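Architecture and fold: a report
Read off the chains here:
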Amino acid sequence: MMTKAKALVAALLATVLVACGSDIVTPSGKGSGEALSIVAATELKDMEPLIQRASKDLGFEIKMEYPDGTIANSYALKNGNFDGNYDATWFATNKYVELLEAGDKLGASTSIANSPVAFGVHTKTARELGWDKKQPTWAEITDAVKAKKFRFGMTDPGRSNSGFSALVSVATANADTGAALTTADVQKVSGTLVEFFAGQNLTSGSSGWLEDAFLSDPARTEAIITYESVLIQLQKSGRADIQVVVPADGVVTADYPLAALRTPKSPKAAENTDRLAKWLLEHNEEIVKDTLRRPVDPAVALDAQHQKNTLIELPFPARQDVADELVLSYGDNLRAPARTVFVLDKSGSMRGQRIQSLRSILVELVDGTARTSTGPVGLRNREEVTIIGFDGEVARPFETTFNKTDPVSKAQLQSSISNLSAGGQTAVYDALKVAYEQFGSNIPEGQIPSIVLMSDGASNVGMTFDDFKKFHEKLSPEARRIPVFIILYGESNNVEMKALADLTQGKTFDATKGDLAGAFKEIRGYQ
């Protein structure tokens, strides 16, 4: 009787599963049943549809998480943050992992696809410069900058792998040694790099914001630097009328290596990572079609757009001190200096811990101790800094040109910060009006301007948001392009602040859970 009862239950259960099969997504292949948990760089989100197919074919669940970009993830790997929490890593490159001497955290890796950094140049500009017919060298691109015919945006190389790869590419190509950069090379080519980076008029802490800024205002700059695959996607989707330009004398390429962690979450990690890597190599043609990355399999055809640019691969730095020197030199000496206006709420609601937290992070920016997981984010040499405090009234702005070795400018800034005392109402838009007025009628060339607004409450005196919109509409086109980076804090009017960010082509940063320092540090990548 028991045997018959079990058989009946099994038959009924099978019937229920068949009836409900269309609502249940389960792997269909023969596999271990152990889930594979992958920590990936944010730029690999476009691989999700293929990963879902792989999961069904291979017979085990694949979970992708994207805590940060390649550089931040590489530091997290070194610090052991992924040990026991994930099974594998999938970054744009593992070369940064090797620089950090964290390679022992990983088993064997498999390169899945390739994408070099490239320029996405407005078609009109590319044709005028002849770059639609011929790949320019880095020197020819620099000549176009010097002739005032070319400007560009790129991500912060201290934070973003595409920005770091671009910086390495232009420095290595100009050093022209055929070997990895040295600190002596960085010093030797600094003059040429200053000429090249004079053309940079847009920076960003994320590729997404960089693309949005480029697309929303085509007159803002002539080009952006990011991965070739991203640019071809923009081109083919019709979102941007651009030519994809890879410098003729070489670039650094992302190879998207998949590697199992040596201290994984699952005992099947190495086996399942290897099986996924083989599946992805067998499906290189779909990767090319779906993501427009280049194949690693030479038997798979390139996309037609890939064939327009011949690649020369440049070496990645071999030592961490060289990479650190290059990034530091970029911020302090090579790139166009920042022009930063801090608009800071010191109303009554900021009393106590809030005003103390504000003073603390500002002092860290001045004394150079402010850091993120990827490095220092303090004020840079040559950066023009203005402090504007406000409550119900707007305080007199304090302005200085910052220099790390100048104790006078540091002391003046710290004195201005210590004078921020809480009390009174909140005149957000009066203060913002004063901030824009600091730039005058014309924005000087050779600077990257921005405004940082921190307020813990809604504006309750002075100009309204509608009043400010009318003021903003009357600004020159150059002034209207100055972004306002807004820290959402305390009881701020988040809906209105997001509308303000949209109006000014800026961005909001969430500190509503109390991490005011984290928001200020994140903004530094956009300045």
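If you're wondering where the values come from, they're calculated on a predicted model, not measured in any experiment. (Residues numbered from 1 in each chain as written. Predicted model: local features only at pLDDT ≥ 70, side-chain atom pairs only at ≥ 80, totals over all residues. Heavy atoms only, no water.)

A few points about unusual backbone geometry
- We note that Lys-148 has phi near 65°; this positive angle belongs to a residue other than glycine.
- Locating Lys-148 in the fold gives a position in the loop between helix 6 (138-146) and strand 6 (152-155). (Helix = DSSP H or I, 4+ residues; strand = E, 2+ residues; numbered from the N terminus.)

What about helix 16 (residues 407-418)?
- The end-to-end C-alpha distance of helix 16, which contains twelve residues, comes to 16 Å, matching closely the 16 Å that a straight helix rising 1.5 Å per residue would cover.
- Every buried residue of helix 16 is listed here: Ser-409, Leu-413, Ser-416 and Ile-417. Buried residues in helix 16, looked at end-on, bunch into an arc of 100°, giving them a common side.
- Along its buried surface, helix 16 packs onto helix 15 (353-367), strand 16 (384-390) and strand 17 (398-401).
- At the N-terminal end of helix 16, a side-chain oxygen is found 3.0 Å from the backbone nitrogen of Val-408, two or three residues along, and the residue is Asp-406. (Expected span 1.5 Å × (residues − 1). Buried < 20%, exposed > 50% of the residue type's maximum accessible area, 1.4 Å probe, protein only. Arc of directions from axis to C-beta. Contact = heavy atoms within 4.5 Å. Polar contact = N/O pair within 3.5 Å; in protein donor to acceptor, adjacent residues only side chain to side chain.)

Structural notes on the confidence of the model for the protein
- Per-residue pLDDT for the protein averages 93, and the proportion of residues at 70 or more is 93%.
- In the predicted structure, residues 1-26 sits below a pLDDT of 50 and forms two contacts with residues beyond four places in sequence or in another chain. (pLDDT = per-residue confidence, 0-100.)

A word on the pattern of salt bridges
- Applying the stated criterion across every chain yields a total of 25 salt bridges.
- Here Arg-339 ties to Glu-384 by a salt bridge, and the two come within 3.4 Å at their closest N and O atoms. Separated by 45 residues along the polypeptide, Arg-339 in strand 13 (residues 338-345) and Glu-384 in strand 16 bring together distant segments of the chain.
- Arg-339 gets classed as buried once you look at its relative accessible area, which sits at 4%.
- You can call Glu-384 partly exposed: its relative accessible area is 22%.
- When the shortest N-O distance is used, the salt bridge between Arg-354 and Asp-456 registers 2.7 Å. One end of the pair, Arg-354, is in helix 15; the other, Asp-456, is in the loop between strand 18 (448-455) and helix 18 (465-473), with 102 residues separating them in the sequence. (Salt bridge = Lys/Arg side-chain N within 4 Å of Asp/Glu carboxyl O.)

Looking at the packing of helix 18 against helix 20 (residues 494-503)
- Orientation of helix 18 relative to helix 20, taken along the N-to-C sense of each, is 5°, at an axis distance of 12 Å. Looking at the two axes, helix 18 sits roughly parallel to helix 20. Facing Phe-465, Phe-468, Lys-469 and His-472 of helix 18, the residues of helix 20 in contact are Glu-496, Ala-499, Leu-500 and Leu-503.
- Classifying every residue of the contact of helix 18 with helix 20 gives five nonpolar, one polar and two charged. (Axes fitted to C-alpha atoms, helices over the stretch in contact; angles between N-to-C directions. Parallel < 35°, antiparallel > 145°, perpendicular 65-115°, else oblique. Nonpolar A, V, L, I, M, F, W, Y, C, P; charged D, E, K, R; others polar.)

Concerning the nonpolar core
- Trp-90, Phe-119 and Phe-520 are the most contacted members of the largest nonpolar core, which totals 115 residues.
- If you tally residues by element for this core, the top one is helix 7 (residues 161-175), at eight residues.
- Val-341, Val-343, Leu-453 and Ala-501 belong to the second-largest nonpolar core, a separate cluster that totals 28 residues. (Core = buried A, V, L, I, M, F, W, Y, C linked by side-chain atoms within 4.5 Å.)

Quick notes on the sheet that holds strand 13
- In space, the six strands of this open sheet follow the order 17-16-13-18-19-20, with mixed pairing throughout. Edge positions in the sheet fall to strand 17 and strand 20 (507-510), since each has one partner strand and no second. This sheet shows a mean twist of 15° between the axes of neighbouring strands, independent of strand direction.
- Of the pairings in the sheet, the one linking strand 18 to strand 19 (residues 484-488) comprises five bridges and is parallel in character. The partner of Ser-455 across the bridge, within strand 19, is Leu-488.
- Contacts from helix 15 reach strand 13 and strand 18 within the one sheet, and its direction differs from that of strand 13 by about 165°.
- Here helix 20 sits on the sheet in contact with strand 18, strand 19 and strand 20, set at roughly 165° to strand 19. (Pairing = 2+ DSSP bridges.)

Here we look at the packing of aromatic side chains
- On inspection of all chains with the given rule, the structure shows 26 aromatic pairs.
- With a centroid separation of 5.3 Å and an interplanar angle of 75°, the aromatic rings of Tyr-96 and Phe-164 are classed as edge-to-face. Of the two residues, Tyr-96 sits in helix 4 (residues 95-99) while Phe-164 sits in helix 7, which places them 68 residues apart along the sequence.
- Plain terms: the ring middles of Trp-138 and Phe-196 are 5.5 Å apart, the flat faces sit at 80° to each other, and that makes the pair edge-to-face. (Phe/Tyr/Trp six-rings, centres within 6.5 Å; stacked < 30°, edge-to-face > 60°.)

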